[in-house]
Amino acid sequence: MAATLGTGSLESICEGLRSGDLSSEALTQVCLDTIQNQDPFLNAITSTNPGSSLGLARAADIRLKKGERGVMLGIPVVLKDNFHWTGLPVSNGSKITRSYIAHYDATVVKRLLEAGAIPIAKANMDEFAMGSSGEYSAFGPTRNPWDLSRVPGGSSSGSIVSVAAGYAPFALGSDTGGSVRLPAGFCNVTALRPTYGVLSRYGITAMASSLDQVGPVARTASGVAAGFSVMTGRDALDSTSIDLPGTERLVGLKPASLKGLRIGLPKEYFGEGLDPAVRSIVENAVGVFEREGASIIDISLPHTSYAIDTYYLICTSEVSSNMSRFDGVRYGARKPADSLADMMAETREQGFGEEVKRRILLGAFCLSKGYYDAFYLKALKARTLITKDFLEAFEKVDLIATPVSPDVAFPIGEKTLNPLAMYLADAYTVTTPLAALPCLSMPGGFTNGLPVGVQLIGPALSDVNLLEAAHAFQQLTDYHLQTPPNLN
Ligand code: GLN
């Protein structure tokens, strides 16, 4: 058996497990070995529990021998370190929760476990999922396997790198404003942000609750679909959770028929600030759809220019509220002090990093008396306008194609001292969460050896259609099969 997963897709691994060519235990060991060999260079992993993972793998092998045939049975998976998986820390990439141990499973983790998937590691991330580069972590920055001097993108940096570098064929990240799509684009993997509510948020540390979604990650759209298929379905523990139609099409995903498909290109996503090389790669990708009979339609989403401001006002407001639970009383680290107020202040002062503090301050300001109407309320109104733009566009087109980010992966350190530059990396990914729409990032090509992602956006609850469209693209191209050349 190969010593690494290489380009092995989730489906081919699943085939190998079913035929008995592979055992889940041996596969899990390969994944754990790869982490041990590669992670000193990439820093994508925060913790592992090999004993428990190998035990789960042996149990999966027994189920396989009995003839069980689930798509995720025996498949190793990596979880972002804001997901609860019993017995392991939920560090959130933060000093404050570095030693906080999960005592229950997130719903999506529980469903993966029931399907026989094997969690093998927790993944590094920007602290509390706030960031776009993977550099704001108490565990240090994660590196891009395509170029170790560059960022992998964030905040689900470790989850994405785990798939890109062959630690596991499947991973979970979270996406509040782009956190699976941006790094997927930077690292040449496929990642879905489902319609808001389609995957339960129960057991994932809340960042901005009206925007947070779980994001499945794999090399291919069909791999994403396989993992996604075992996690969907309403969850009574998340009051915003909803059912998704068409989930029976997720297993054994078929390519969408591209004939007559109407694809919108919003002019606001192809204007100033877009790297010309990225633009031409996205245009080429759109050309692939067009050659197969899709019609390309120029559209406008006129309120796009307000999206970054709107997102960062709403996001920080919700962050300031969600972070208030980390005060040294119940969760994570506590710095002793003479009074309760001093203890809380000291714990938060020492426990949170710069970016988290910046957002708590900004959010508390937006929500404060006298500023609430001018900032938070206004942002809510802008959110409605951004949503309406999409609703109108989807009267004319079936899906929308855009770049994932204006640029390729940037050098480590380039934006850490300039929060605004960091926020601007999210220009194309923060719009869809505001409108609660499904979207995905898929490999679209390369410039100077660095991957470029293409984003597809669909109407609410069209998640399966989006995956089928990406799958059709991946039947016609081989970008998603390319793996980083220089892995040790
Ligand atoms: N980069 C965005 C932010 O910093 C998105 C983060 C996310 O999706 N978790 O808020």
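Scoring rules and cut-offs
Residues numbered from 1 in each chain as written. Predicted model: local features only at pLDDT ≥ 70, side-chain atom pairs only at ≥ 80, totals over all residues. Heavy atoms only, no water. Near = heavy atom within 4 Å. Polar contact = N/O pair within 3.5 Å; in protein donor to acceptor, adjacent residues only side chain to side chain. Areas by Shrake-Rupley, 256 points an atom, 1.4 Å probe, with all protein chains shown as cover. Helix = DSSP H or I, 4+ residues; strand = E, 2+ residues; numbered from the N terminus. Buried < 20%, exposed > 50% of the residue type's maximum accessible area, 1.4 Å probe, protein only. Contact = heavy atoms within 4.5 Å. Pairing = 2+ DSSP bridges. Phe/Tyr/Trp six-rings, centres within 6.5 Å; stacked < 30°, edge-to-face > 60°.

Asker: Just checking my understanding: could you explain the site of the ligand for this structure?
Answerer: With respect to spatial proximity, 15 residues lie near the ligand, and among them Thr 176, Gly 177, Ser 179, Tyr 311 and Arg 359 are the closest. Ser 155 is positioned such that a nitrogen or oxygen atom in its side chain is 3.3 Å from a nitrogen atom of the ligand. Here Thr 176 contributes a backbone N or O atom positioned 2.7 Å from an oxygen atom of the ligand. In the complex, the protein chains occlude 100% of the 290 Å² of accessible area that the ligand would expose alone.

Asker: Explain unusual backbone geometry here, please?
Answerer: Glycine aside, residues mostly have negative phi angles, and peptide bonds mostly take the trans form. Along the chain, Gly 154 connects to Ser 155 via a cis peptide bond; the corresponding omega equals 5 degrees. Its place among the elements puts Ser 155 in the loop between strand S3 (118-123) and helix H5 (157-164). Look at Phe 128: it is not a glycine, yet its phi comes out positive at around 50 degrees. Structurally, the position occupied by Phe 128 is in the loop between S3 and H5. Notably, Ala 129 is not glycine yet its phi reads approximately 70 degrees, a positive angle.

Asker: Whenever I open this one, the side chain of Ser 200 confuses me. Can you help?
Answerer: Within the secondary structure, Ser 200 is located in the loop between strand S5 (190-193) and strand S6 (213-218). With relative accessibility at 1%, the residue Ser 200 sits in the buried group. For Ser 200, the side chain forms a polar contact with the main-chain nitrogen of Tyr 202, separated by 3.0 Å. At 2.6 Å, the side chain of Ser 200 and the side chain of Asp 235 are in polar contact. When residues no more than four places from it in sequence are discounted, the contact partners of Ser 200 are Thr 107, Val 108, Val 214, Asp 235 and Asp 238.

Asker: For this particular structure, what's the right way to read the pairing of strand S11 (residues 450-457)?
Answerer: Along any regular strand, the residues point their side chains to alternate faces of the sheet. The buried fraction of S11 amounts to 8 of the 8 residues, a majority that puts the element mostly inside the structure. Residues of S11 alternate between two faces, with Leu 450, Val 452, Val 454 and Leu 456 on one and Pro 451, Gly 453, Gln 455 and Ile 457 on the opposite face, all of them buried. Relative to S11, strand S9 (residues 399-403) runs antiparallel, the two being bridged by 4 bridges. What sits directly across from Pro 403, in S11, is Val 454. Inspection of the sheet shows strand S10 (residues 439-447) paired to S11 by 8 bridges, in the antiparallel sense. Residue pairing for S11: Pro 443 is matched across the bridge by Gly 453. Hairpin geometry of S10 and S11 is characterised by an intervening segment of 2 residues between the two adjacent antiparallel strands and by a positive phi of about 50 degrees at Asn 448.

Asker: Explain the packing of aromatic side chains to me, please; I cannot follow it from the model alone.
Answerer: Any aromatic ring pair is given by two values, namely how distant the centres are and how the planes are angled relative to each other. Applying the stated rule across the entire model yields 17 aromatic pairs. With centroids separated by 5.4 Å and ring planes inclined at 45 degrees, the aromatic side chains of Tyr 104 and Tyr 202 adopt a geometry described as tilted. Here Tyr 104, found in the loop between strand S2 (76-80) and helix H4 (107-114), pairs with Tyr 202, found in the loop between S5 and S6; they are 98 residues apart in sequence, far enough to count as distant. By relative accessible area, Tyr 104 is classed as partly exposed at 25%. Note on Tyr 202: relative accessible area 30%, which makes it partly exposed. Arranged with centres 5.4 Å apart and planes meeting at 25 degrees, the rings of Phe 289 and Phe 473 form a pair that is stacked. Highlighted residues: Phe 289 in helix H8 (residues 276-291) and Phe 473 in helix H15 (residues 463-476), separated in sequence by 184 residues. Take Phe 473: its relative accessible area is 0%, and that puts it in the buried class. Ring-pair connections join several aromatic residues into one group, and the members of that group are Tyr 100, Phe 128, Phe 326, Tyr 331 and Phe 352.

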